[in-house]
Amino acid sequence: MPGPGNVGERVRNLRLTRRLSQAQLAGHDLSDSYISLIESGKRTPTPTVLRMLAERLGCTPEYLAEGVEPEQRAHLEVRERHAHLALLGGDPGTAESGFDEVIARSDDPDLTSRARWGRARALEELGRADQAIALFEELREQAERDPGRASWLPPVIALARCYHTVGDLGQAIALGERAMDRLGTLGLSTGQEYTEAGRILLLAYVDRSDPARAHELGRRLLHPEGAGDDASTSVHYQRASMRALEEGTIGDSLYFADRALAARTDATPVQARARLALAAAKALLRGVMPFSEPEPSAVADVVSPADGVPGIEKPRAEGSREAAREALELLRGTGALEGAEATESTIAKARALVLIGELDEAIAELEQFLDTGMALVAPSPALAHSITPHPGNDLAARTQKTVLARLVLARARVAQGESQAAQVVLRAASEQLRTLPAGRPAAHLLRELGELFELVQDTESAAAAYRQALEAAGLHAAPSQEANHDLGRV
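Because the structure is predicted, anything quoted here is derived from the model rather than measured.

Turning next to the overall build of the protein chain. Each helix and strand in the protein chain was counted, giving 24 helices and zero strands. In the protein chain, which comprises 490 residues, the proportion classed as buried is 47%. When the accessible area of the protein chain is evaluated, it comes to approximately 23,400 Å², of which 51% is carbon and sulfur surface.

Following this line, the structure appears as structure tokens:
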């Protein structure tokens, strides 16, 4: 643990422990009045005096100056690195406890800042996005107050991602656009920061039903101008660092200089590109024009019972065959993804196959996934009451992906003309949806469930699904006189 108080208090506490008077501690080199001034905090000892006092008090100069022995500091440095390794290894719970220990015991501002960043990332991975946002906001404010010490770009990009996760699209877009503008000012159109900020912004535009901006951004990300520049990512980072240095933003300059060094051996850009490819494919499957086309045409609004209701996105306009083919091409580049993102890639591929009419292949992909990929049987009513997924936890995430897979499978069955088989799948999805907590993810799934029930002519179930979607979004549908496909309009 750090020594108590400031330098003066540590000198006084050790002097009293050693049963020394101020005069004895001063010896022949210092005066007892000078010792008194140090202990009262009115004088700060020089490094030479610190070494002298430490020798007489039987401690190290580092302990007097900072309250931490070198061995303690080294231990905390190692603990912080091990916590980061746990985070990268997929164990955010262990990572969080490690970062908490470092934050509690360290008085090194840089080490504490790194640990706070790691803790925020661990919280995000644990699904506690609201707590992660609070920490990332503190880190952003700290970086903006002291731009010579740290860059505000990493916390801003992390905040955009977290706000998108919790459904605050306004904040996600504002922060994403701010990050992209800053990267543009630095001339950086490659690297992990550019790819991640662009990916988040693309998804947020799609969620906000803004296909034109999504298309324009997707083209910039996937088909950048000046793509003939074959300089390495490390060189691009170095150029950004030099530009930041020229404009006097030392924090950004240091950050990108470190990124330039890391990029020489870092393999993460491969995964970053894979994540961008997945985001672009999902956008194409939700009605965004193919990014290979230079200009988006007008995208007609689709009317549905949820149209225009705050809290629920406008219904997905299923992509065109051309968009689906382009999505499949993008999804071929997502092999580096793991876990939930690999699952999303599988489901997106199946959705694209349905759109291009490859129904047997889509059904085979989904049935294999449902048989082997997750905990996939619809829970019994008794089990549904005994297990309550919480937003962001592993069970809730697995349930959401399983329900989505069932909805795509039902869509494929409808396209085959097998309405009865589709209804069986939809009933299973409906049972699983009962276990999900209210919120944006559940509302979106319920809205799509309602659309599919309409397609199989089950208007009563469709109405119930739309009503549940409104309730999951925190709204309540107005009572209707009769149960038909318009129930849910408000």
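Right, picking up where we left off after that structure.
It is worth spelling out helix α3 (residues 32-39) at this point. Listed in full, the buried residues belonging to α3 are Ile 35, Ile 38 and Glu 39. Within α3, the buried residues cover an arc of 95° as seen down the axis, which keeps them to one side. Those residues of α3 that are buried lie in contact with α1 (7-17), α2 (22-26) and α4 (47-57). Phi turns positive one or two residues past the end of α3, at Gly 41, with a value near 80°.

This part takes up the packing of helix α22 (residues 419-433) against helix α23 (residues 440-455). Contact geometry of α22 with α23 gives a least axis separation of 11 Å together with a crossing angle of 155°. For the element pair α22 / α23, the angle class is roughly antiparallel. You can see that α22 and α23 cross each other, and the crossing is left-handed. Residues Leu 426, Arg 427, Ser 430 and Leu 433 of α22 form the contact with α23, whose participating residues are Ala 442, Leu 445, Leu 446, Leu 449, Leu 452 and Phe 453. Taken together, the residues that form the contact of α22 with α23 break down as eight nonpolar, one polar and one charged.

The next thing to look at is the pattern of salt bridges. For the structure shown, the criterion picks out 43 salt bridges. Across the pair Arg 81 and Glu 80 runs a salt bridge whose closest N-O atoms are separated by 3.6 Å. Exposure remark for Arg 81: the relative accessible area of 46% places this residue in the partly exposed category. One salt-bridge network, held together by shared partners, links Arg 121, Glu 124, Glu 125, Arg 161, Glu 196, Arg 199, Arg 275 and Glu 341.

Examined against the element boundaries, Glu 39 turns out to sit in helix α3. With relative accessibility at 11%, the residue Glu 39 sits in the buried group. When neighbours within four sequence positions are excluded, Glu 39 is seen to be in contact with Gly 8, Glu 9, Val 11, Arg 12, Arg 15 and Gln 22.

Here we come to the packing of aromatic side chains. In total, this model carries three aromatic pairs according to the counting rule given. Measuring from centroid to centroid gives 5.1 Å for Trp 117 and Phe 136, while their planes differ by 65°, and the two rings are edge-to-face. Taken together, the residues Trp 117 in helix α8 (residues 109-125) and Phe 136 in helix α9 (residues 129-145) connect sequence positions 19 residues apart. Judged by its relative accessible area of 0%, Phe 136 falls in the buried class. Here Tyr 255 and Phe 256 contribute two aromatic rings whose centre-to-centre distance is 5.1 Å and whose plane-to-plane angle is 75°, an arrangement assigned as edge-to-face.

Where nonpolar side chains cluster on the molecular surface, the patch consists of Met 242, Leu 245, Ile 250 and Leu 254 and spans about 340 Å² of accessible area. When residues of the nonpolar patch are traced back to their parent elements, those giving at least two are α14 (233-247) and α15 (250-263). As for its placement among the helices and strands, Leu 254 is situated in helix α15. Judged by relative accessible area, Leu 254 falls into the partly exposed class, the value being 47%.

Turning next to the packing of helix α10 (residues 153-166) against helix α12 (residues 191-207). At their nearest, the axes of α10 and α12 sit 10 Å apart, and the two run at 25° to each other. Taken together, the axes of α10 and α12 are roughly parallel relative to one another. The element α10 and its partner α12 pack so that their crossing is left-handed. Facing Ile 157, Ala 160, Arg 161 and His 164 of α10, the residues of α12 in contact are Glu 193, Glu 196, Ala 197, Arg 199, Ile 200, Leu 203, Ala 204 and Asp 207. In the contact of α10 with α12, the residues fall into six nonpolar, one polar and five charged.

Here Arg 19, not a glycine, exhibits a phi torsion of approximately 60°, which is positive. Structurally, Arg 19 is set in the loop between α1 and α2. Arg 19 gets classed as exposed once you look at its relative accessible area, which sits at 75%. We note that Gln 457 has phi near 65°; this positive angle belongs to a residue other than glycine. Along the chain, Gln 457 falls in the loop between α23 and α24 (459-472). Taking relative accessible area as the criterion, Gln 457 reaches 66% and is therefore assigned exposed.

Of all the residues in α1, the buried ones are Val 7, Gly 8, Arg 10, Val 11, Leu 14 and Arg 15. Projected down its long axis, α1 shows its buried positions confined to an angular sector of 165°, all on one face. Of the residues flanking the start of α1, the one acting as N-cap is Asn 6, its side-chain oxygen 3.2 Å from the backbone nitrogen of Gly 8. The positive-phi residue at the C-terminal boundary of α1 is Arg 19, with phi of around 60°.

A few words now on the environment of Leu 337. One can find Leu 337 in the loop between α17 (321-331) and α18 (339-355). Spatially, the C-alpha atom of Leu 337 lies 9.4 Å from that of Val 270, the residues being 67 residues apart in sequence. In this structure Leu 337 touches Gln 271, Ala 274, Arg 275, Leu 278 and Ala 342, once residues within four positions along its chain are discounted.

All right, on to the side chain of Thr 195 then. As for its placement among the helices and strands, Thr 195 is situated in helix α12. Among all residues touching Thr 195, those that are not within four sequence positions of it are Ala 272, Arg 273 and Leu 276.

Secondary-structure assignment places Glu 448 in helix α23. Judged by relative accessible area, which is 0%, Glu 448 ranks as buried. Sequence separation of Glu 448 and Leu 404 is 44 residues, and the distance between their C-alpha atoms is 9.1 Å.

Turning our eyes to something else, we now look at the confidence of the model for the protein chain. Looking at the protein chain as a whole, the pLDDT averages 83, with 83% of positions reaching at least 70. Mean pLDDT in the protein chain bottoms out at helix α20 (residues 381-386), which sits at 35, and peaks at helix α11 (residues 169-185), which reaches 96. Of the regions scoring below 50 in pLDDT, residues 297-316 engages in 39 contacts with residues more than four places distant in sequence or in other chains. Per-residue pLDDT stays below 50 along residues 480-490; that stretch engages in 19 contacts with residues further than four places along the chain or on separate chains.

The rules behind the values
Residues numbered from 1 in each chain as written. Predicted model: local features only at pLDDT ≥ 70, side-chain atom pairs only at ≥ 80, totals over all residues. Heavy atoms only, no water. Helix = DSSP H or I, 4+ residues; strand = E, 2+ residues; numbered from the N terminus. Buried < 20%, exposed > 50% of the residue type's maximum accessible area, 1.4 Å probe, protein only. Areas by Shrake-Rupley, 256 points an atom, 1.4 Å probe, with all protein chains shown as cover. Arc of directions from axis to C-beta. Contact = heavy atoms within 4.5 Å. Axes fitted to C-alpha atoms, helices over the stretch in contact; angles between N-to-C directions. Parallel < 35°, antiparallel > 145°, perpendicular 65-115°, else oblique. Left-handed = near helix turned anticlockwise from the far one by under 90°. Nonpolar A, V, L, I, M, F, W, Y, C, P; charged D, E, K, R; others polar. Salt bridge = Lys/Arg side-chain N within 4 Å of Asp/Glu carboxyl O. Phe/Tyr/Trp six-rings, centres within 6.5 Å; stacked < 30°, edge-to-face > 60°. Patch = residues over 30% accessible without salt bridge, like charges linked within 9 Å, V, L, I, M, F, W, Y side chains within 5 Å. Polar contact = N/O pair within 3.5 Å; in protein donor to acceptor, adjacent residues only side chain to side chain. pLDDT = per-residue confidence, 0-100.

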